[in-house]
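Chain by chain, the residues run as shown.
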Amino acid sequence: MVINAVPSIEMVRFVNSGTEACMGMLRLARAYTGKEKIIKFEGCYHGHADSFLVKAGSGVATLGLPDSPGVPKAATSATLTVAYNDLDGVKELFSTNKGEIAAVVLEPVVGNAGFIVPKKEFLGGLREITLVEGALLVFDEVMTGFRLAYGGAQEYFGITPDLTTLGKIIGGGLPVGAYGGRKEIMQMVAPAGPMYQAGTLSGNPLAMTAGIMTLKRLQQPGTYEYLDSITGKLVAGLLKAGHEAGHELCGGHIRGMFGFFFTAGPVYSFSDAKKSDTGKFAKFHRGMLERGVYLAPSQYEAGFTGLAHTEDDINFTISAAKEVFQSI
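Residues numbered from 1 in each chain as written. Predicted model: local features only at pLDDT ≥ 70, side-chain atom pairs only at ≥ 80, totals over all residues. Heavy atoms only, no water.

Just so we agree on the cut-off: UniProt positions are given in the numbering used here, feature names are shortened, and annotations may be inferred rather than shown by experiment.
Where an unreviewed UniProt entry is consulted, the chain appears under the name glutamate-1-semialdehyde 2,1-aminomutase, with the organism given as Ceratopteris richardii. For the chain, the Sequence similarities (unreviewed entry) comment in UniProt is given as "Belongs to the class-III pyridoxal-phosphate-dependent aminotransferase family. HemL subfamily." What UniProt states about the chain under its Subunit (unreviewed entry) heading is, verbatim, "Homodimer."

Structure (structure tokens):
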């Protein structure tokens, strides 16, 4: 079902989390290309493996932590970072590390530094650069997979990467992840090939059964139109309420994924996101929580709607937000 859904995936390996999927993906990219260096983007989060804890998003960004203690310098020396949406910066890294870069890894829509969308030319530009330079393009779709479209962000934007990672959404929220891609690359993974990766609980029947039922539900007609409708209404209502109360606010959504920042914007990178008033967000979050709405407790986390959410839920949330915006 995953192979049929996701354009880039011809073979898939199930694992137990998004972190594990990204660990396997990284080892595979290096094994396949014979190169060690990777490019990641500031504020993007790809799990807590050592190689990825460089200018990371998610809780690392929320808590304002430096690159994590306990990570050896050697583990991150091959990790190159650049600002999201900065194609010239990517070209420069390839120029100064000629023939050494195995892969460019990114969240096609950032969710771990808040909700940040790619500029029109960004994903296509990365696809062109990686093809020219002989590096793999990897989409971390732990957040965007099956949310932006049934085939993920790669279907939505029409850009096909070489490898893709997926997370808990494919198991209906149970502990599950996956990495997959072109058959010639995936055949490097044991037992088909020499790159070892395994896990006792990988592909366990409970997670797989939940995943099958989840994907069946997502295939029903109108699923993504409904998500787009309720999420669009939610974001428009939040922004309107905030602006009417005199707050600087920007935000947006794609299908079931959304976000907003306490800054005038626009936000195209983690450095833009960091201009947000996090103190004001904290007050807003507390006020919403007190009114029965539980948002992600960080300015640097995207939000998600689900098929269980109703129009009443959206109206309730907007109504609560109006009160809170007026009070902070």
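The discussion continues.
## Things to note about the pairing of strand β2 (residues 37-41)
We count it as follows: For every residue, the accessible area obtained with a 1.4 Å probe (protein chains only) is divided by the maximum for its type, and the residue is called buried under 20%, exposed over 50%, and partly exposed between those limits. Counting from the N terminus, the helices are the DSSP runs of H or I reaching at least four residues and the strands are the DSSP runs of E reaching at least two. In this analysis, strands are considered paired if DSSP registers two or more bridges between them.
By the criterion of burial, β2 is predominantly enclosed, with five of the five residues buried. Alternating residues of β2 divide into Lys-37, Ile-39 and Phe-41 and Ile-38 and Lys-40, and every residue in both groups is buried. As defined by bridge partners, β2 adjoins strand β4 (residues 101-106) across three bridges and the pair is classed as parallel. The residue bridging Lys-37 from the neighbouring strand is Ile-101, located in β4.

## A look at the sheet that holds strand β9 (residues 257-261)
The test is simple: Here, two residues are considered to be in contact whenever any of their heavy atoms come within 4.5 Å of each other. Think of each axis as a best-fit line through the C-alpha atoms, taken over the contacting stretch in the case of a helix, with angles from 0 to 180 degrees between the N-to-C directions.
Taken in spatial order, the three strands of this open sheet run β8-β9-β10, and their pairing is antiparallel. The two strands at the open ends of the sheet, each matched to only one other strand, are β8 (250-254) and β10 (303-304). Summarising the sheet, β9 and β10 pair through two bridges and their orientation is antiparallel. The partner of Met-257 across the bridge, within β10, is Phe-304. Strand contacts of helix α10 (residues 223-244): β8 and β9, with the helix running at about 175 degrees to β8, the strand carrying the most contacts.

## Thoughts on the nonpolar core
For soluble globular proteins, nonpolar side chains are generally found buried alongside one another. For the record, the criterion: Residues belong to a common nonpolar core when they are buried Ala, Val, Leu, Ile, Met, Phe, Trp, Tyr or Cys residues joined through side-chain atoms within 4.5 Å.
Counting residues in each nonpolar core, the largest one holds 30 residues, and the members touching the most others are Ile-39, Phe-41, Leu-106 and Leu-126. When residues no more than four places from it in sequence are discounted, the contact partners of Leu-126 are Phe-41, Leu-87, Val-90, Val-104, Leu-106 and Leu-137. Residues Leu-234, Leu-239, Ala-241 and Phe-284 belong to the second largest nonpolar core, which totals 21 residues.

## Some remarks on the sheet that holds β4
Taking strand neighbours across the sheet as the criterion, the seven strands line up as β1-β7-β6-β5-β4-β2-β3 in an open arrangement whose pairing is mixed. Of all the strands in the sheet, the pair left with one neighbour each is β1 (11-15) and β3 (79-82). Strand-to-strand twist in this sheet, taken as the mean axis angle between neighbours without regard to direction, amounts to 20 degrees. Both strand β5 (residues 136-140) and strand β6 (residues 163-166) contribute to a ladder of three bridges, which runs parallel. Residue pairing in the sheet places Phe-139 in a bridge with Thr-164 of β6. The strands touched by helix α2 (residues 18-33) within the sheet are β1, β2, β4, β5, β6 and β7 (177-181), with β6 carrying the most contacts at an inclination of about 165 degrees.

## Things to note about the pairing of β5
Let me state the cut-off plainly: A crossover counts as right-handed when, viewed with the strands pointing away from the observer, the path leading from the first strand over the helix to the second turns clockwise.
Within β5, five of the five residues are buried, which leaves the element mostly enclosed by the surrounding structure. Side chains Leu-136, Val-138 and Asp-140 of β5 all project onto a buried face; the interleaved residues Leu-137 and Phe-139 project onto the opposite face, where all are buried too. Alignment of β4 against β5, held across four bridges, turns out to be parallel. Within the sheet, the bridge partner assigned to Val-105 lies in β5 and is Val-138. Remark: the β4/helix α6 (residues 122-133)/β5 crossover connection has right-handed handedness. Note on the crossover from β5 through helix α7 (residues 152-157) to β6: the handedness is right-handed.

## Points about the packing of helix α12 (residues 278-290) against helix α13 (residues 311-327)
What counts here: With respect to orientation, any angle under 35 degrees is reported as roughly parallel, any angle over 145 as roughly antiparallel, any angle of 65 to 115 as roughly perpendicular, and every other angle as oblique. Left-handed describes a crossing whose near helix is turned anticlockwise from the far helix through less than a right angle; right-handed describes the clockwise counterpart.
The contact between α12 and α13 brings their axes to 9 Å, and the two run at 130 degrees. By the angle class used here, α12 and α13 are oblique. Relative to α13, α12 is oriented so that their crossing is right-handed. Residues Lys-283, Phe-284, Gly-287 and Met-288 of α12 pack against Thr-317, Ala-320, Ala-321, Val-324 and Phe-325 of α13.

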